[in-house]
Every structure is written in structure tokens, then in C-alpha cells.
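Close look at the chain arrangement
Each chain is listed here by its residues.
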Amino acid sequence: MAVATKSLHGAVAAHDDHAGHEDYATRLRLNRLGMWLFFISEAFLFGALLATRFYLWGDTRPELDQMVGLIVTSVLLLSSASMYVADTAAEHGQWRVFSVAAWTTMILGLVFFLGVVIFEWGLFPQIYEGHLTPWGDKYGAVVFAMTGMHALHVLSGIVLIFIMWRLARKKHFTPEKHWGIEAAAIYWHYVDLVWIFFYPALYLIGTAHH
Amino acid sequence: MGHYSTGIIIILVLAALTVVEFYVALATHSAVFLLLIAALKAILVIWFFMHVKRLWSAEGGH
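Here we summarise the structure given alongside this text.

Definitions and limits used
Residues numbered from 1 in each chain as written. Chains lettered and ligands numbered in written order. Predicted model: local features only at pLDDT ≥ 70, side-chain atom pairs only at ≥ 80, totals over all residues. Helix = DSSP H or I, 4+ residues; strand = E, 2+ residues; numbered from the N terminus. Expected span 1.5 Å × (residues − 1). Bend = angle between axes of the 7 residues up to and from the residue. Buried ≥ 20, exposed ≤ 12 C-beta atoms within 10 Å, placed from the backbone. Contact = placed C-beta atoms within 7 Å. Nonpolar A, V, L, I, M, F, W, Y, C, P; charged D, E, K, R; others polar. Axes fitted to C-alpha atoms, helices over the stretch in contact; angles between N-to-C directions. Parallel < 35°, antiparallel > 145°, perpendicular 65-115°, else oblique. Left-handed = near helix turned anticlockwise from the far one by under 90°.

1. A look at helix α5 (residues 179-204) of chain A
Residues and elements named next belong to chain A. Given a rise of 1.5 Å per residue, 26 residues ought to cover 38 Å, and the 37 Å separating the end C-alpha atoms of α5 matches this to within 8%. If you look at α5, its biggest bend is around 30 degrees, right at F198, and the proline P200 turns up within four residues after that. For α5, a buried count of 23 out of 26 residues is recorded, marking the element as mostly surrounded by other parts of the structure. Positioned one or two residues after α5, G206 has a phi angle of 90 degrees, which is positive.

Okay, here's the thing in C-alpha cells:
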């Protein structure tokens, strides 16, 4: 009798484990689908900003510092590399590597944000004198709209990574179950993806308008 | 290092494409070339960093 009860308990536990795993797999698939639907909805927003740029500027662009554009783009690209390392480290349970890579991403994100605020927006003229204003002309309006919306996403990405880093410290994730980290990582790569189109649209396409 | 090798290769390709983009812009202001390079970079990011293929993964695992 005791043996039969024990074996029944074992079977129930195994069934619960299996059901739990299936539940997580289903939730994970739905979470991923939800995240990608969110990305598609965001693409309409960023696409509208790009359409505005091409409609208003045509084959021209504002005179922007090319070196600033190349540096902030490189910083964001590096942050994508460190986020990839953080995500992969979490997948393999290398939590120390995850921690260092997550902080590297947050710092690089902050450097990118400061680069935009100081050099593109010229909010600190004592450091760098900017010549565009959001109300000045069509160039300033579009530059501020595009970089502003993107910078907002960079800031929210930094907050998201910080929350994931804190949860990881509290052992909230395992190599098998770390959707939160994966979500933060793909969100960050999405922010990079948007800049892949914004960089040429703002800095490279068209002739500079003096 | 093995776990990270794909990411490192992709980052190097993305960096090289960014440099190409910069010099193409200096040589020509053609939007078509620049948007094609941007599209290529976007595909690499979506496929390798955003793991779009996991959407169809039957296991749903990482």
C-alpha cells in the first residue's frame, strides 16, 4: 500500500512538473508573440516619423556634425553587443558575466542619451553650441521629434534593464526561465534597430541645407 | 567564448556596414544605397539578436 501511494505521489509530481513546463512554454510563446505585436505597433510610430522626414526634407538634410552621428551610432552598436552578451550569459547561467554586461549596456545607453542631449539638441551650450531648435524650422522640428522619441525609448530601455538586473540579483531567473531578461534584451535591440534607419535618415541621406 | 562567437561576428559585420554606410554617404547621397545597407543591418539584428525564429519554436524554450 505504502509503495503504491509513493508511486502515485511520484506520478502526480511528475505530471505537475510536466504541466508546469508546458504552462511556461505556452506563456513564453504568448509573451514573445505579444512583444512582437508591440514592436509592430511601434514600427508605425517610427515609420510615421521617417515618412515625415522624407516628406518635409526631401533630398536635403540639416547640417549636423557627422562625427557626433558616427560616435553615438557606434556607442549604440556597442551597447547592442553588451546586451547580447548579457542575454547569452543568462541563458548559460553565467550571472557574473550577465551583471557586468547589463551594467555596460546601461552605461553605454546613458552615454548615447547624453550624446543626443548635449550634441544633437545643444541643451548645454557651454559644452556644445547647437543650432537647431524644435520650433525653428522643419529641420529642427523633425530632428527633435525623431531623436526625442528615440531617446525616450533608450531611457525606458535603461530602466527595464536595471529592473531585470535587480530581479536577477534576487535569483528571480534561471537559465531555463528568464523571459524578463530576454524581453529586455530584444527591446534594447529594437531600439538599436530603429536607430539603424534613423541614422542615415538624419545624418547621411540628401545634401546638407546651409 | 564559444557561446558569444555568433554575436561577436554579427557586431563586427554591423560595424563594417556602418563604416561602409558612412563612406557611401560621402561619395553619393543616394537614399537607395543607404536604405539597402540599413535594411541589411536590420535583418541581421532581427535574426541574430532579436531571435525572431524563436516565435516559431515548438518548444518555446530559450
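Next, the rest of the story.
2. Quick look at the interface of chain B and chain A
Contact residues are listed per partner, giving 28 residues for chain B and 31 residues for chain A. For the side of chain B that touches chain A, the secondary-structure elements that each account for two or more residues are α1 (5-27) and α2 (31-49) of chain B. Per-element tally for the side of chain B that touches chain A: the top contributor is α2 of chain B, with nine residues. Of the residues belonging to the side of chain B that touches chain A, the class tally is 16 nonpolar, eight polar and four charged.

3. What to know about the packing of helix α2 (residues 66-91) of chain A against helix α3 (residues 95-120) of chain A
All names here are of chain A. Here α2 crosses α3 at 160 degrees, and the two axes come no closer than 8 Å. By the angle between their axes, α2 is roughly antiparallel relative to α3. The way α2 lies across α3 gives a crossing that is left-handed.

So, to be careful, I would describe these as geometric facts and stop short of saying anything about function.
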